[in-house]
Structures are given as structure tokens and as C-alpha cells.
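One-letter residues, chain by chain:
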Amino acid sequence: MKALLIDDERLARQELKHQLAAHPQIEIVGEAQNASEAKEKIKQLNPDVLFLDIQMPGKTGLELIEEISVLPEVVFVTAYDDYALRAFEVNALDYLLKPVQPARLAECIKKLLEKDEKESPKKENTTPFNDDDLVFVKDGERCWFVKLANIRLFESEGNYVRVYFDTSRPLILRSLNNLDQRLNPKSFFRASRKHIINLKWIEGIEPWFNGGLMAKMKGGEQIEISRRQAVKLKDMMSL
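Right, let's walk through the structure included here.

1. So, the packing of aromatic side chains
Stage number 1. This structure, assessed with the given rule, holds five aromatic pairs.
Stage number 2. With centroids separated by 5.3 Å and ring planes inclined at 55 degrees, the aromatic side chains of Phe 136 and Phe 145 adopt a geometry described as tilted.
Stage number 3. The ring of Trp 201 carries Arg 152 above its face, with NZ or CZ at 5.9 Å from the centroid.

Encoded structure:
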């Protein structure tokens, strides 16, 4: 797995590199010392996991991940325990406190590799969908064949995605990032790290906090579009 280390303290990066050397499954492909540099390296290097500090000059680690729509796994590495709840609200895989203990890091790496192994079959399937395709959805003992155009919303819930169509809300074991790569971008839009919406199912849009937008879906759901994605949506939909 390719890892990017993001921390404004060089010694902290060096220490983490030293500890990660004991885990050959993790390949360190780059380092960054602030959010701006990290954004560029995420684009260039396409890492599988970020080992990310929270308190950095300029933007924090939490602000960084809010600006990235297609995000790798995130492991926060910080000297502060104040942000743990917020970290897991944004679906971070783990939260390591400095100084990082080798046993705790090993536990984190095990969790990371187990999740990657579970999702790897899904990652291999990158066949693009057409809007008219029928897709098979299975949740427990219940199964559906659904026309993709009739799905109005995908919502990430941990390792699962909730699929909204008609009055059904099944959960599937799938990565939202994988779906984002396969769906038609002219019909499905990544509103945030947690949501992909079907543009044809939007009933209305209104301005929201901090430069974002609120999309009202025909099914009754209200989905917040992040500030960054709001700019992208306006550019895409403008005459």
C-alpha cells in the first residue's frame, strides 16, 4: 500500500518512517509538511493511505480532508486527543497519539490491510456504468434489480454504502470512491465525501453555509454540497 506522510515537523515524519520500515506492506511514496503541499502530492502520487497530522500551519488536517472529494484511507497521527470524535465523524480509519507506540501502529496497520483485503475485489471492478444499466443490489436476504437511473442517492456509512431508490434504502459493502469512478459523471455528482447524488433527481438547490449548497432531492432528502464541490457543480451546470 502506498502511504503519504503529512506533518509539519520533520522529526515526526522521520520517526514515523522509521517505525513504518518494520511493515514492508506499506510503501512510503512521499511526504508533505502542510495541507497545500499535501493536496498536490495526493493528486500526483495517488496514495492508498494518508498518515496525517491535525495541527499544522495554515490549514489543519481536518480542513484538508474536507477539501478532497476522493480521499484515500486516513490515519490521524497527532499529539492531541481532543479531535478523536471529529476524526471518526469524517470516517478516519484510526487515530494515533504521539509518541506513536510500535504496538499501536502495528494494530493500525493490521486494520488497514484487513480493510484493503476486504475491498480489493471491489477495487478491481472498474467497469463504467451506463444510466440505463440494471444493477443488482443485495442487502441480507433481500435482492433487487434496479435501473441505475432510478437511484437518486448513494450515502457512505463506514465500509458500506446506502442506496436510495423508490422507498428502499439497502446497504451494500462497497466503497463510495469505487462507485464514483464507475458512474456517469454527467448524471451522478460527488456532493461530498459522504454522498453521490443523481442530478436528475434534484428538485431544487439553495445557498448554504460557508459557500456550500443544499440540494433538495425528489425523494425528500436534503444533501449538503461542500464548498469545493459547489464550485465544481456551478461550473459544470452553468451555460
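2. Quick notes on the sheet that holds strand S3 (residues 49–52)
Stage number 1. Read across the open sheet, the five strands follow the order S2-S1-S3-S4-S5; overall the sheet is parallel. Strand pairing shows two members of the sheet lacking a second neighbour, strand S2 (27–32) and strand S5 (94–97), which therefore form its edges. Here the strands of the sheet are splayed against their neighbours by 20 degrees on average, with no regard to which way each runs.
Stage number 2. Looking at chain direction, S3 and strand S4 (residues 73–78) are connected through four bridges and run parallel. Residue pairing in the sheet places Leu 52 in a bridge with Phe 76 of S4.
Stage number 3. Lying on the sheet, helix H1 (residues 10–20) is in contact with strand S1 (2–6), S2, S3 and S4; it crosses S2 at an angle near 175 degrees.

3. Here we look at unusual backbone geometry
Stage number 1. With an omega of -10 degrees, the peptide bond between Lys 98 and Pro 99 qualifies as cis.
Stage number 2. Its place among the elements puts Pro 99 in the loop between S5 and helix H5 (102–124).
Stage number 3. At Asn 46, a residue that is not glycine, the phi angle is positive and equals roughly 50 degrees.
Stage number 4. With respect to the secondary-structure elements, Asn 46 resides in the loop between helix H2 (35–45) and S3.
Stage number 5. We classify Asn 46 as exposed; its relative accessible area is 53%.

Each value, and the rule that gives it
- Residues numbered from 1 in each chain as written.
- Predicted model: local features only at pLDDT ≥ 70, side-chain atom pairs only at ≥ 80, totals over all residues.
- Heavy atoms only, no water.
- Phe/Tyr/Trp six-rings, centres within 6.5 Å; stacked < 30°, edge-to-face > 60°.
- Lys NZ or Arg CZ within 6 Å of the ring centre and 35° of its normal.
- Pairing = 2+ DSSP bridges.
- Helix = DSSP H or I, 4+ residues; strand = E, 2+ residues; numbered from the N terminus.
- Axes fitted to C-alpha atoms, helices over the stretch in contact; angles between N-to-C directions.
- Contact = heavy atoms within 4.5 Å.
- Buried < 20%, exposed > 50% of the residue type's maximum accessible area, 1.4 Å probe, protein only.

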